[in-house]
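Architecture and fold: a report
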Amino acid sequence: MGFETVACASTGNLANSVSAHAASAGMKCYVFIPGDLEAAKVLGNLIYRPNVIEIEGNYDDVNRLCSEIAGERHWAFVNINIRPYYAEGSKTLAFETVEQLGWRAPDQVVVPMASGSLLTKIWKGLKEFEKVGLLDSVSTKVNGAQAEGCSPIATAFRNGRDFFKPVKPDTIAKSLAIGNPADGYYALKTAAESHGAMDAVTDDEIVESIKLLAQTEGIFAETAGGVTIGVLRKLVKQGLIQKDEVTVAYITGNGLKTQEAVVDSVGRPTRIQPSLKHFTKTFGIEESP
Ligand SMILES: Cc1ncc(COP(=O)(O)O)c(C=O)c1O
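So, here is what we can say about the structure in this document. (Residues numbered from 1 in each chain as written. Predicted model: local features only at pLDDT ≥ 70, side-chain atom pairs only at ≥ 80, totals over all residues. Heavy atoms only, no water.)

1. Brief notes about the site of the ligand
- Within the structure, the ligand sits among 14 residues, and A114, S115, G116, L118 and T252 are positioned closest to it.
- Relative to its unbound accessible area of 390 Å², the ligand is 89% covered by the protein chains.
- By residue class, the composition of the shell around the ligand is six nonpolar, seven polar and one charged. (Near = heavy atom within 4 Å. Areas by Shrake-Rupley, 256 points an atom, 1.4 Å probe, with all protein chains shown as cover. Nonpolar A, V, L, I, M, F, W, Y, C, P; charged D, E, K, R; others polar.)

2. Topic: the packing of aromatic side chains
- Taken as a whole and judged by the stated rule, the model has seven aromatic pairs.
- One aromatic cluster is present, formed by Y30, F32, W75 and F77 through successive ring pairs.
- Over the aromatic face of F163 sits the side chain of R161, whose NZ or CZ is 5.3 Å from the ring centroid. (Phe/Tyr/Trp six-rings, centres within 6.5 Å; stacked < 30°, edge-to-face > 60°. Lys NZ or Arg CZ within 6 Å of the ring centre and 35° of its normal.)

3. Describing the nonpolar core
- The biggest cluster of nonpolar side chains holds 33 residues, and the ones touching the most others in it are F32, F77, I206 and V227.
- Mapped by element, the contributors of at least two residues to this core are β1 (5-9), α3 (59-72), β6 (141-147), α9 (203-217) and α10 (223-237).
- In terms of residue count, α10 provides more of this core than any other element does, six residues in total.
- A domain split of this core shows at least three residues from each of domain 1 (5-86) and domain 2 (90-265).
- Those residues in contact with F32, other than ones at most four positions away along the chain, are C8, A9, S10, I53, I55, V62, L65, C66, I69, W75 and F77.
- Formed by 26 residues, the second largest nonpolar core is a distinct cluster that contains A105, L118, A187 and A200. (Core = buried A, V, L, I, M, F, W, Y, C linked by side-chain atoms within 4.5 Å. Buried < 20%, exposed > 50% of the residue type's maximum accessible area, 1.4 Å probe, protein only. Helix = DSSP H or I, 4+ residues; strand = E, 2+ residues; numbered from the N terminus. Domains from an automatic or database assignment. Contact = heavy atoms within 4.5 Å.)

4. What about the environment of A177?
- Its place among the elements puts A177 in the loop between α7 (152-158) and α8 (184-194).
- Residue A177 is classed as buried on the basis of its relative accessible area, which comes to 13%.
- C-alpha of A177 to C-alpha of T11: the two residues are 166 residues apart in sequence and 7.1 Å apart in space.
- Once residues within four sequence positions are removed from consideration, A177 is found in contact with T11, Y59, C150, P169 and T171.

If you want it as structure tokens, here you go:
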């Protein structure tokens, strides 16, 4: 397409990917992020040496500015002027799920929502596999998850509306903090069409859920993963997801990126002198088997 510069508006993760791929493709790169992101997400850009532009404002301010810049410069903004490529790429999450389940569609999926795009594309991916005959019939219920502090889509769903009201985000799930979600309308349509549901969880529930996933499955997720697991729990409690249903919860980000969210609630290591005496004093004598 003749682009020399690649760019994006991001809540953090997309910027990390765009920066990395621009580096390996040898392209010029500009990533625009809100001014309050976690340290690891900012570092995860800087290491690739793109132009990192921190906006004094939230994602919706970032997105508005980027739309204006996209109108002026011949840059590939991956989620603005070339958005279809970025969005269609998300179908991979459906394709890989089906493949890894042994060529069957799950009964239920739970998907974290920021703009709502990923959720719609997981549904589209499943339907395309049905269309080309790789799946017999798809009856997967597509469920959406948001943080209570930024839940325009889930709130619309809970109120039985097919349109959302934009909000000002206030949540530790910064990667999902989009107050005016571009694909919100389509996400609501997808949940309705697939007979799925939507719900939201508080910041405390997000932290609890991150710990639950880590301590039961050995997976350390970022706050978006906490949102997914928190909502999964809620849907199970409400009887909307049954224990015998094949359910896929999409864990879309690594916990090392959002350490700030959990660092105060996981305790500290036990520090001792490097001697058997100190170890035994702290942990006692092991009982014989
Ligand atoms: C970790 C993570 N999960 C899920 C999403 C959801 O993306 P969207 O609903 O905008 O497709 C994002 C978006 O930034 C994200 O960073």
